[in-house]
Amino acid sequence: MPIVDAQVHIWAADTPERPWPARHAPHRDTPLGPEELLERMDEAGVDGAILVPPSWEGERNDLVLAAARRYPGHFAAMGRLDPAAPDTPARLADWRSQPGMLGLRFSLHRPGLAQALENGEMDAVWRGAERHGVPIMLLLPQARMPLIGTIAARYPGLRLVLDHLGVPSSVPAAQRFQDLDALLALAAHANVAVKASALPCLSLAPYPHADLAPSLRRVIDAYGARRVFWGSDLSRLSCTYRAAVDMLAQILPDLGSEDLTWIMGKGLCDWLGWQGPCVRDGAMGDGPPSDRYPRTPTRQSYRVDIPRLPRRRTS
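A short tour of the structure in this document, coming up. Since the model is a prediction, treat every value here as computed from it, not as a measurement.

A short note on the environment of R217
- Relative to the helices and strands, R217 resides in helix α9 (residues 213–223).
- Placed 37 residues apart in sequence, R217 and D254 show a C-alpha to C-alpha distance of 9.9 Å.

Encoded structure:
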């Protein structure tokens, strides 16, 4: 089965020519670039990855798009966008026409965006994303999930993905799953899915992090395997990449092979409308890296069609 990582950050150094905004420190001192990532994926048996620009670089997508263009079929991007920018509605109309761009990702626990979510300043984003078939990944605490339920009901054609089981890194360890019921309640909306990502970072137990098994089982039971997407968040893992790949099968041995196939990549590709890793013969193939990571991208390598969810009139 193809294994597709639902979230990896890549970034470049903070330089005068390419400065970062004053936000927070990166996950590690040395930037993680696409070539290193491909080598790590090869070692771990990962076939494709969704690249997410890290928040410390600001609302810029140049690196992830360059990587997706250079290595089509292995990478695609969920980009960042300033929801308050006056050109945002116009940009949404052509967002997925950018080669390698599949959708958007917002960190709604950060100051500014948290308030924008509550006061309706992001309504134009939800409306435009639904109209133009742009999926959105969201990071926010479980306690604020009722706000997402309102959005999911108001825009039923908008595909939403809730990151890290609704546990940002800012949530204290003892509170990580105390509002899990709020996350589970959103499973009633067919246009909402969940990323089981950064799992080792959410655990209080040693590898394979069996303390997460009860919560993960509840999430999978609520959403179904087709709406739960595995992801590593590689740059802050406390274990090896391969160990992160193997973790779910170890702590949930009752998961069938079909469910694992959906969770480990097939469901993500289906949800985002990306067929890159799922149509290559032999997944990553058996050739040397120079053959498996072509440096000449082709537009035909990108699949930008996404099935539309049904829309209904709302008052």
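After that view of the structure, there is still more to cover.
Examining helix α11 (residues 257–272)
- Between the first and last C-alpha of α11 there are 22 Å, a value that for 16 residues agrees with the 22 Å anticipated at 1.5 Å per step.
- Roughly 55 degrees is the biggest bend found in α11, and it falls at I263.
- Two residues or fewer after α11 comes G273, characterised by a positive phi angle close to 75 degrees.

Here's the deal with the pattern of salt bridges
- For the structure shown, the criterion picks out 14 salt bridges.
- Taking the shortest distance from any N to any O, the salt bridge between R217 and D254 comes out at 2.9 Å. With R217 in helix α9 and D254 in the loop between α10 (241–251) and α11, this pair connects stretches of sequence that are 37 residues apart.
- For D254, a relative accessible area of 55% puts it in the exposed group.
- D233 is paired through a salt bridge with R236; the nearest N and O atoms lie 2.6 Å apart.
- Residue classification places D233 among the buried residues on the basis of a relative accessible area of 1%.

Quick word on the sheet that holds strand β6 (residues 160–162)
- Pairing is parallel across the open sheet formed by 8 strands, whose spatial order is β1-β2-β3-β4-β5-β6-β7-β8. Each edge of the sheet is formed by a strand with only one pairing partner; in this case those strands are β1 (4–8) and β8 (228–231). Ignoring which end each strand starts from, the neighbouring axes of this sheet average 30 degrees apart.
- Across 3 bridges, strand β3 (residues 75–79) lies against strand β4 (residues 101–107) in parallel orientation. Looking at β4, one finds that M78 is bridged to G103.
- Each of β1, β2 (48–51) and β3 touches helix α1 (residues 34–44); the most contacted strand, β3, lies at about 120 degrees to it.
- In the packing of helix α2 (residues 62–70) onto the sheet, contacts are made with β2, β3 and β4, and the angle to β3 comes to roughly 155 degrees.

Focus on unusual backbone geometry
- Residues Y207 and P208 are joined by a peptide bond in cis, for which omega reads 15 degrees.
- Tracing the backbone shows P208 in the loop between α8 (199–202) and α9.
- Within the chain, H164 stands out as a residue other than glycine whose phi angle is a positive 55 degrees.
- Mapped onto the fold, H164 is located in the loop between β6 and α7 (180–185).
- By relative accessible area, H164 is classed as buried at 2%.
- If you check the backbone angles, L165 has positive phi at about 55 degrees while not being a glycine.
- The residue L165 is located in the loop between β6 and α7 in this model.

Overview of the nonpolar core
- Judged by nonpolar contacts, the single largest core of 85 residues is most densely connected at W126 and I148.
- Among the elements that make up this core, the one with the highest residue count is α10 (7 residues).
- Those residues in contact with W126, other than ones at most four positions away along the chain, are L108, L117, I136, L138, I151, Y155 and L158.
- Formed by 16 residues, the second largest nonpolar core is a distinct cluster that contains V52, A193, L268 and C269.

Quick notes on the rules
Every chain is numbered on its own, with residues counted from 1 as its sequence reads. Selection of residues for local features in this predicted model requires a pLDDT of at least 70, selection of side-chain atom pairs for listing and counting requires 80 or more, and totals for whole chains, interfaces and linings are taken over all residues. Computation of side-chain values: all heavy atoms of the structure, hydrogens and water removed. Helix and strand definitions follow DSSP, with helices as H or I runs of at least four residues and strands as E runs of at least two, each counted in order from the N terminus. A helix's residues, less one, multiplied by 1.5 Å, set its expected span. Here the bend at a residue is taken as the angle between two axes, fitted respectively to the seven residues that end there and the seven that start there. Criterion for a salt bridge: a side-chain nitrogen of Lys or Arg within 4 Å of a carboxyl oxygen of Asp or Glu. Burial status follows relative accessibility: with a 1.4 Å probe on protein chains alone, a residue under 20% of its type maximum counts as buried, one over 50% as exposed, and anything between as partly exposed. Strand pairing follows a simple DSSP-based rule, namely that at least 2 bridges must link the two strands. All axes here are fitted lines through C-alpha atoms, helices being fitted over the stretch that makes contact, and every angle between N-to-C directions spans 0 to 180 degrees. Pairs of residues are marked as contacts when any of their non-hydrogen atoms sit within 4.5 Å. What makes a nonpolar core is a set of buried Ala, Val, Leu, Ile, Met, Phe, Trp, Tyr and Cys residues whose side-chain atoms join them at distances within 4.5 Å.

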